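Single-letter residue listing:
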Amino acid sequence: MIQDTYSEYSSFTSGDLDWAIESFGDNPKLQPEITEFLQSCDLELDGNLADFVTVRSAKKLVACAGMGENVIKCVAVSPTLRGQNITLRLISDVTNLAADMGRYQLFLYTKPDNVETFSRCGFYPLVEMSGVIALMENSPVGLSRYCQSLAQQRQPGQTIGSVVMNANPFTFGHQYLAQQAADNCDWLHVFVVGENSSLITYEDRYALVCEGLKDLPRTTVHPGSIYMISKATFPSYFLKDRGIVDQCHTALDLIIFREHVAPALGITHRFVGTEPFCPVTRKYNEDMKRWLIHEPSMAPVVTVVELERKAQSGTAISASEVRRCLRADNFDHMAELVPQATIDLLRAKYFDPGARVATGTG
Amino acid sequence: MKIIKEAVAGTLESSDLLVKVAPGLPNRLDIHIRSEVIRQFGARIRSVIDETLGQLDVTEGDITIEDKGALDCAIRARVQTAVLRAAGNPPIDWETM
C-alpha cells in the first residue's frame, strides 16, 4: 500500500545500494529482518514503529530509519557503510515520507553520542538523559515558543503548583486532587494531556476539566502540548494497558518538565494522586521524585507531593472504573464517581448499549 | 503570499538543501539557517533567501533551512517550492520570479 502511495520513493538504486520505503503491514519478513539488523547495531526495535526507510546491499539490510507517528527512531547504518553520508539520505527520505503523510513536526530519539550527526540533518537537541538517550526535534524554535507562550501566563506567588491529568474521563478524584493542590499553593496550573488516543477525545476531556474546575480560585487550565506526556515525549504512556513501562521515556518527559515547562511558569510543586491500580502511572509517580527532585540538574527542584486519592465506599476513584461502568451500562454507580457533566457527556456521546467499547488509557 | 500550513522541500544531500516552512508568530518572519558553508557564504545564502521570500511577498512565518552547500539557483528553487506548498499552491506569475 505504501508502495503505491509513495511510488516516487519506492525501490531505486544508487551505486550498489537499493533504497526503499517499506512497512510491516506490506512485508511480514521485514520485522525479523530489521530486529536482527538493529541488534547487530546495539539497538532494539521499538514497538511503535510502522514505516521504514531501508537500504540494502546485495539484498542484505545495511541501513534503516524507522518512523511511528511523528517520531523517528531506530536509525542505524552498518559499520562498513559509515562515513558515506547514508544518515543524511535516510533522514532526508524519512522527512519527506513524513511530510507526505502530513507530519511536519518531527521528533527523533538517539544516543547522546549521535546528537551531533543528527544536528546536521535538520534536528535540534531538546533534552538528554545523560549517557543513555537524547530527544531532538526538527525545529529550532518549537519548545522555546511553547515555553514563551506559557511564560505569558505566569502568576505571582511563592508556591506555584501543577497537576498534569489525562482525565479520561474527568472524575471527582481529579476534582479533589486539583482542590487539594489549589489549597496548598498561591496558584495552580492544570495541564490536560493533549494526545488524542484515549477513549474520550481530547476536546471533550479538556472541556470537562474546565467545567469541573471552573469554581476553583487561582487556577489556570492549560491545553495539552506535544512536550508533555505526548506520543513524542512519552510513547509508552499510551500503551499502558499493555503494562509496558519504559524507563527512558518517563525520564525524558520529566526532564523536559523540570528544565523547560516548570521554569517558564515558575512552578515549584507538582501534585499527583497516589496510584493503587495502574503500574505505569505508579512507576511514573516514582520516577517523578527522581527526575524532578533528586537528580542533579541546572534547573531548580520541583517538589513532588503525593496526595491520597479520594475514595468512594473504600475504593479509590479511578477513571478506568468509570469506563468499566460505561461498558456495563452502570450509570448509577458512575454517578458516585463523576460530576453530572461527565455523565451527561458519556451518555450522549460514548455510550453504545449494543456494543462493547474499547478501553483506552486512564 | 500567506503561509497557511507546514511544508517541506528539498533533501539533505550534498549540494542541496532542506527547507521547512511553517506558520509562525503574528507579524514575524523568522528565518533560521544552518549551513555547512555558513562561514564562507552565510551572507550570500541569507540574501538569496531574503530576496526569494521578498519576490513571493512572504512577510510572516517560520523558515528553517538546512543547507548542504547548494548553489543560489537551488536555494531559490527549494525556497519557492516550500513556500508555494505552504501557501496551498496558489496560481503564480513565474515571469516575475
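Residues numbered from 1 in each chain as written. Chains lettered and ligands numbered in written order. Predicted model: local features only at pLDDT ≥ 70, side-chain atom pairs only at ≥ 80, totals over all residues. Heavy atoms only, no water.

Chemist: Lay out empty space enclosed by the protein with the relevant residues and their values.
Modeler: Residue and element names in this part refer to chain B. Applying the stated criterion to the full structure yields 1 cavity of 30 Å³ or more. Within this model, the largest cavity holds a volume of roughly 100 Å³. Among the secondary structure elements, those contributing two or more residues to the lining of the largest cavity are strand 2 (17-22) and strand 4 (61-67). At 3 residues, strand 4 tops the list of elements feeding residues into the lining of the largest cavity. (1 Å grid on protein atoms, 1.4 Å probe; cavity = no way out; pocket = protein on both sides within 12 Å on 5 of 7 lines; lining within 4 Å. Points joined across faces, edges and corners; volume = space filled by probe spheres on them. Helix = DSSP H or I, 4+ residues; strand = E, 2+ residues; numbered from the N terminus.)

Chemist: Before we move on, can you summarise the interface of chain B and chain A with the specific residues and values?
Modeler: Interface size is often expressed as the accessible area that is lost when the parts come together. If you look at the interface, chain B gives 19 residues, while chain A gives 20 residues. Carbon and sulfur atoms supply 53% of the area buried between chain B and chain A, which totals about 1,600 Å² over both sides. Our count for the contact surface shared by chain B and chain A stands at 3 salt bridges. With its nearest N and O atoms 3.7 Å apart, the salt bridge here joins A:Arg89 to B:Glu13. Only strand 1 (7-10), strand 2, strand 3 (29-35) and strand 4 of chain B provide two or more residues apiece to the side of chain B that touches chain A. Among the residues making up the side of chain B that touches chain A, the classes are represented as 5 nonpolar, 5 polar and 9 charged. (Contact = heavy atoms within 4.5 Å. Buried area = accessible area lost by both parts, 1.4 Å probe. Salt bridge = Lys/Arg side-chain N within 4 Å of Asp/Glu carboxyl O. Nonpolar A, V, L, I, M, F, W, Y, C, P; charged D, E, K, R; others polar.)

Chemist: For the pattern of salt bridges, give the residues involved together with the corresponding values.
Modeler: Scanning the model with the defined rule gives 21 salt bridges over all chains in all. A salt bridge links A:Glu211 to A:Lys214; the shortest N-O distance between them is 3.0 Å. Judged by its relative accessible area of 39%, A:Glu211 is partly exposed. With a shortest N-O distance of 3.5 Å, B:Glu60 and B:Lys2 are connected by a salt bridge. (Buried < 20%, exposed > 50% of the residue type's maximum accessible area, 1.4 Å probe, protein only.)

Chemist: Quick one: what's the story with the packing of aromatic side chains, residue by residue and with numbers?
Modeler: Residue and element names in this part refer to chain A. Using the criterion set out here, one finds 5 aromatic pairs over all chains in the structure. Relative to Phe52, the ring of Phe24 lies with its centre 5.2 Å away and its plane at 35°, an arrangement referred to as tilted. A residue pair is termed long-range when its members are at least 10 positions apart, and Phe24 in the loop between strand 2 (17-23) and helix 2 (30-40) and Phe52 in strand 3 (residues 51-57) qualify at 28 residues. Here Phe24 matches Phe52 in class, with each residue buried. Measuring from centroid to centroid gives 6.0 Å for Phe107 and Tyr227, while their planes differ by 75°, and the two rings are edge-to-face. Linking Phe107 in strand 6 (residues 107-110) with Tyr227 in the loop between strand 11 (219-222) and helix 8 (247-265), this pair joins segments that are 120 residues apart in sequence. Of the two residues, Phe107 and Tyr227, neither departs from the other in class, the shared state being buried. Among the aromatic residues, those joined into a ring-pair cluster are Phe107, Tyr146 and Tyr227. Over the ring of Tyr109 we find Lys73; its NZ or CZ atom is 4.7 Å from the centre of that ring. (Phe/Tyr/Trp six-rings, centres within 6.5 Å; stacked < 30°, edge-to-face > 60°. Lys NZ or Arg CZ within 6 Å of the ring centre and 35° of its normal.)

Chemist: How would you summarise the domain arrangement of chain A if you had to cite specific residues and measurements?
Modeler: Residues and elements named next belong to chain A. Each assigned domain of chain A is listed here: domain 1 (2-104), domain 2 (105-139) and domain 3 (145-350). Averaged C-alpha coordinates put domain 2 and domain 3 at centres separated by 27 Å. Taken residue by residue, the interface counts 11 residues in domain 2 and 16 residues in domain 3. Overall, the association of domain 2 and domain 3 removes approximately 1,000 Å² of surface from exposure, summing both partners, and the carbon and sulfur fraction of that is 77%. Broken down residue by residue, the surface that domain 2 buries against domain 3 is led by Tyr109, Val127 and Met129, which jointly contribute 50%. Here domain 2 is connected to domain 3 by 0 salt bridges. Counting residues per element, the side of domain 2 that touches domain 3 draws most heavily on strand 7 (residues 124-129), at 4 residues. Grouping the amino acids of the side of domain 2 that touches domain 3 by side-chain chemistry returns 8 nonpolar, 1 polar and 2 charged. (Domains from an automatic or database assignment.)

Chemist: Describe the sheet that holds strand 1 of chain B, and please don't skip the residues or the numbers.
Modeler: Residues and elements named next belong to chain B. Taken together, 4 strands build an open sheet; the order of strands is 1-2-4-3 and the sheet is mixed. With one partner strand each, in any of the chains shown, strand 1 and strand 3 form the two edges of the open sheet. Adjacent strand axes in the sheet meet at a mean angle of 10°, parallel and antiparallel pairs treated alike. As paired elements, strand 1 and strand 2 share 4 bridges and run antiparallel to each other. Bridge assignment links Ala7 to a residue of strand 2, and that residue is Val21. The sheet strands contacting helix 1 (residues 38-55) are strand 3 and strand 4, and the helix crosses strand 3 at an angle near 145°. (Pairing = 2+ DSSP bridges. Axes fitted to C-alpha atoms, helices over the stretch in contact; angles between N-to-C directions.)

Chemist: Before we move on, could you go through helix 9 (residues 279-294) of chain A and cite the residues and values that matter?
Modeler: All names here are of chain A. Between the first and last C-alpha of helix 9 there are 22 Å, a value that for 16 residues agrees with the 22 Å anticipated at 1.5 Å per step. Along helix 9, the largest kink reaches about 25° and is centred on Asp287. Listed as buried for helix 9 are Val280, Thr281, Tyr284, Asn285, Asp287, Met288, Trp291 and Leu292. (Expected span 1.5 Å × (residues − 1). Bend = angle between axes of the 7 residues up to and from the residue.)

Chemist: Please give an account of unusual backbone geometry that cites residues and values.
Modeler: That bond from A:Asn168 to A:Pro169 is cis: its omega, 0°, falls within 30 degrees of zero. Here B:Asn89, not a glycine, exhibits a phi torsion of approximately 50°, which is positive. Positionally, B:Asn89 belongs in the segment after helix 2 (72-86). The exposed category is assigned to B:Asn89, whose relative accessible area is 54%.

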